[in-house]
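# Chains, contacts and geometry: an overview
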Amino acid sequence: MDRIKKEFVAPSVAYRGKPFWSWNGELRGEELVRQAHIMKEMGLGGYFMHSRAGLITEYLGDEWFDLINEVADAAEADGMEAWLYDEDRWPSGSAGGKVTVDPQYRMKSLYVYESDPDKVDWNDQSFALYAAKLDGLNLYTYKELDTSTIACCKCAARKVKEAIAELSDAAKDEPGVWKALRFAIVPDTPNSNYNGTTYIDTMSRKATDKFIEMTHEEYAKRCGDRLGRSIKGIFTDEPHRGFVMKDIRTENGVRITSMPWTDDILEEFKTRYGYDILPLIPTLFYRMGGETLSKARIDYIDLTCNLFNERFMAPINTWCEENGIVYTGHL
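The present account deals with the structure reproduced in this document. Quick caveat, the model's predicted, so the values are computed rather than measured.

## Remarks on the pattern of salt bridges
On inspection of all chains with the given rule, the structure shows 25 salt bridges. Put simply, Arg229 and Glu76 hold a salt bridge, and the shortest N to O gap is 2.7 Å. In this pair, Arg229 sits in the loop between helix H6 (216-223) and strand E8 (231-237) while Glu76 sits in helix H3 (residues 62-78), placing the two residues 153 residues apart along the sequence. Judged by relative accessible area, Arg229 falls into the partly exposed class, the value being 34%. Where salt bridges share partners, they join Asp264, Glu268, Arg272, Glu310 and Arg311 into one cluster.

What follows is the structure in structure tokens.
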């Protein structure tokens, strides 16, 4: 208790505030060190060296690491803590787009396109097609269609109409209207936040390994024994495994929304939960018979969270532990 009381009266650097310190513009060592000394005078315990919008100095370039080391040495001389930040802006994972220059590492999503049969836009991203009777979000009769012979949008529309004709009598007493449900795997669209690429597929271990190679391993190579000494840890900022129906919209009469996806998710699902999710894909997005709870949906979301933890968070945490630094951040 005496030690705790002393920490309240005069906190050591471990218990003092450590702000995000925005690194942007054209960085200069003497100015960064000057600001670091000011934070010491202010009574702060350290700082997170945080790449922000407007950075001119190349992120993860030679000069970047030189400046990191210069400021970490200044922190050590001042008796403060220097902390890394694992991304150029956020969310963490793309290494400022350096990882996702390679399309195999890019985030992708499972999209559903709900439309009238004549508006089915079959393309090379499409992988499943259903005829379904819907009443809003409530799903009643539905049937998966054979897509092996679909070569164009007209072929897809014809198949949906044939299925509707086949199912109509049995479903005549059910509410709602007949729709086509087209499912597609769609990569994220490149944007400026990732310097012209996209976010990373955080449910892919090979993508995470590439992120570690381009970020964490570079810090280990360039900063040496500063890791765990003057550099205490690394901050990860809002990494995620993709969004769940966050993007519901209607375009030209077609209702669209998406779920997280990774290349081996169907195989992983069957292995972990003991059944095939593919025939149940519509129930991820709709309420079967009006039921608000869906075992398939619960299991699918559970899987995406577990894959994110196992394939992104855990490997990075393990790397940090092995290299003597703390893994922290915003989740």
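## Some thoughts on the pairing of strand E6 (residues 138-144)
The pairing of strand E5 (residues 126-135) with E6 spans five bridges and is antiparallel. Bridge pairing in E6 places Ala131 opposite Lys143. Bridge count for E6 against strand E11 (residues 287-288) is two bridges, and the pairing is parallel. Counterpart to Leu139 in the pairing with E11 is Met288.

## So, the environment of Gly290
Structurally, the position occupied by Gly290 is in the loop between E11 and helix H9 (295-322). Of the residues examined, Gly290 reaches a relative accessible area of 30% and is grouped as partly exposed. Between the C-alpha atom of Gly290 and that of Thr141, which follows or precedes it by 149 residues, the distance is 12 Å. Not counting chain neighbours up to four residues away, the residues in contact with Gly290 comprise Asn138 and Leu139.

## Quick notes on the sheet that holds strand E9 (residues 249-251)
Taken in spatial order, the seven strands of this open sheet run E9-E10-E4-E7-E5-E6-E11, and their pairing is mixed. Looking at strand neighbours, the two that pair on one side only are E9 and E11, the edges of this open sheet. Here seven bridges tie strand E4 (residues 108-115) to strand E10 (residues 254-261), and the two strands are oriented antiparallel to one another. Paired with Leu110 across the strands is Met259, a residue of E10.

Rules and cut-offs
Residues numbered from 1 in each chain as written. Predicted model: local features only at pLDDT ≥ 70, side-chain atom pairs only at ≥ 80, totals over all residues. Heavy atoms only, no water. Salt bridge = Lys/Arg side-chain N within 4 Å of Asp/Glu carboxyl O. Helix = DSSP H or I, 4+ residues; strand = E, 2+ residues; numbered from the N terminus. Buried < 20%, exposed > 50% of the residue type's maximum accessible area, 1.4 Å probe, protein only. Pairing = 2+ DSSP bridges. Contact = heavy atoms within 4.5 Å.

Any link to function would need more than the numbers given here.
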